[in-house]
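Structural characterization, general
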Amino acid sequence: WVGLLKNIFDIAQDYTFQYIDTPMMERPELFWHTLGRGNKLVPQGIAIFLQKNEKFILKPDTIPALARAFIEHNLGNQNSILKLFSFSKIFRGVEDEYIGNLRQANEFTLEVFGNKSGATEAELIFIFYNLFKRINAEPTVILNSCGCLNCIENYEKALQAYYRPKKVGLCVKCKNNLGRRIFDVLECENV
């Protein structure tokens, strides 16, 4: 475990990412705002009540916490491009046959603020590829894309056109997502 952590920290720093640590507890509104109130991660967050009207959850995802830290601490004013990495614990309540199961996992996150270039995505893929090579895994990279910002709308329409005739065979959640959250249909275990 210590060797893996060292490799993670070394490779992130090799690519000029700066380490940031965010709290394990956040207000649930942060995740509602960034992930959406209906997102499957938000209800799975483990709630903690610290005071009468103050509710926190153990964070189910790192990226919204990184974005909050970026905004609250004016990190965007430091450089035009800011590269952050985090290795932190995330927590989820699991909806399965063992109702009430709680899960803790470790999440390694790389986030780049201030650069929308496709080269950034390629760099992130390359970093993870190299990380797996460093730990003697044999990575395979398979790319899939929704397209650029200009063509994603056409891709959404094509997906809707594909799934509309198949609506009868979809679960209730996917039927509801056909019009507004079509990409969630692709994540459904029942499709």
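All of the points below concern the structure found in this document. From a predicted model like this one, the values you see are computed outputs, not experimental measurements. Every residue gets a number counted from 1 within its own chain, in the order that chain's sequence is written. It should be noted that, the model being predicted, local features are given only for residues of pLDDT at least 70 and side-chain atom pairs only at 80 or more, the latter also being counted only at that level, while totals for whole chains, interfaces and linings use all residues. Excluded from the side-chain calculations are hydrogens and water; all other atoms, namely the structure's heavy atoms, are used.

1. Concerning the overall build of the protein chain
A tally of helices and strands in the protein chain yields eight helices and six strands. The buried label applies to any residue whose accessible area, calculated with a 1.4 Å probe on protein chains only, is under 20% of its type's maximum; exposed applies above 50%, and partly exposed to all values in between. For the protein chain, the residues scored as buried account for 34% of the 191 residues in total. Across the protein chain, the fraction of contacts at a sequence separation of at least 24, relative to all contacts at a separation of at least 6, is 61%. Per-residue and other accessible areas were derived by the Shrake-Rupley procedure at a 1.4 Å probe size, with only the shown protein chains allowed to occlude residues. Within the structure as shown, the protein chain displays about 12700 Å² of accessible surface, and the carbon and sulfur contribution to it stands at 54%. Each helix corresponds to a stretch of at least 4 residues labelled H or I by DSSP, and each strand to a stretch of at least 2 residues labelled E; elements are numbered beginning at the N terminus. Two residues form a contact once any of their heavy atoms are found within 4.5 Å.

2. Overview of the nonpolar core
The criterion is simple. A nonpolar core is a set of buried Ala, Val, Leu, Ile, Met, Phe, Trp, Tyr and Cys residues joined through side-chain atoms within 4.5 Å. In this structure, Ile 8, Ile 11, Ala 12, Phe 17, Phe 85, Phe 87, Phe 108, Leu 110, Val 112, Leu 124, Ile 127 and Leu 131 together form the largest nonpolar core, which totals 12 residues. Contributions of two or more residues to this core are made by helix H1 (2-14), strand E5 (82-94), strand E6 (101-113) and helix H5 (118-134).

3. Notes on H1
Structural remark: α-helix, 3.6 residues per turn; residues separated by three or four positions point the same way. Over its 13 residues, H1 runs 18 Å from end to end, which matches the ideal 18 Å to within 8%, given 1.5 Å per residue. Within H1, burial applies to Ile 8, Ile 11 and Ala 12. Along H1, the residues classed as buried sweep out an arc of 100° about the axis, all on the same side. In H1, the exposed positions angled more than 90 degrees off the buried face are occupied by Val 2 and Lys 6. The length a helix should cover is 1.5 Å for every residue beyond the first. What the arc measures is the spread of directions leading from the helix axis to the C-beta atoms.

4. Details of a nonpolar patch on the surface
Like charges within 9 Å and nonpolar side chains (Val, Leu, Ile, Met, Phe, Trp, Tyr) within 5 Å are joined into patches, using only residues over 30% in relative accessible area that form no salt bridge. Any Lys or Arg side-chain nitrogen found within 4 Å of a carboxyl oxygen on Asp or Glu counts as a salt bridge. Judged by side-chain polarity, Ile 125, Val 141 and Leu 143 come together as a nonpolar surface patch covering roughly 280 Å² of accessible area. Relative to the elements of secondary structure, Leu 143 occurs in the loop between H5 and helix H6 (152-163).

5. Here's the deal with unusual backbone geometry
Positive phi outside glycine occurs at Thr 16, with the angle close to 60°. The topology assignment puts Thr 16 in the loop between H1 and strand E1 (18-19). Phi angles above zero are rare outside glycine, and Asn 136 is one such case at about 65°.

6. Observations regarding the packing of aromatic side chains
Side-chain rings of Phe, Tyr and Trp (the six-membered ring for Trp) are treated as a pair once their centres are within 6.5 Å; stacked means planes under 30 degrees apart, edge-to-face means over 60, and tilted covers the remaining angles. Considering all chains together, one arrives at 10 aromatic pairs under this definition. Ring geometry for Tyr 155 versus Phe 183: centroids 5.8 Å apart, planes at 35°, classification tilted. Residue Tyr 155 is found in helix H6, and its partner Phe 183 is found in helix H8 (residues 182-187); the two are separated by 28 residues along the sequence. Of the residues examined, Tyr 155 reaches a relative accessible area of 27% and is grouped as partly exposed. Among the aromatic residues, those joined into a ring-pair cluster are Phe 9, Tyr 19, Phe 85, Phe 108 and Phe 128.

7. Things to note about H6
Over its 12 residues, H6 extends 16 Å from the first C-alpha to the last, a length consistent with the 16 Å expected when each residue adds 1.5 Å. Considered for burial, the residues of H6 that qualify are Leu 159, Gln 160 and Tyr 163. Seen from one end, H6 has its buried residues packed into an arc of 100°, which puts them on one side. Among the structural elements, H8 are those in contact with the buried residues of H6.

8. Things to note about the layout of surface pockets
In this structure, the second largest pocket encloses a volume near 430 Å³. With six residues, H5 is the largest single contributor of residues to the lining of the second largest pocket. In the lining of the second largest pocket, the residues fall into 10 nonpolar, six polar and three charged. Site definitions follow a grid-based scheme: protein atoms alone, a 1 Å grid, a 1.4 Å probe that fits but cannot get out for cavities, and for pockets an open set with protein on both sides within 12 Å along at least five of seven lines, plus lining residues having an atom within 4 Å of a point. Grid points are joined across faces, edges and corners, and a volume is the space filled by probe spheres set on the points. Residues are grouped as follows: nonpolar covers Ala, Val, Leu, Ile, Met, Phe, Trp, Tyr, Cys and Pro; charged covers Asp, Glu, Lys and Arg; every other residue, Gly included, is treated as polar.

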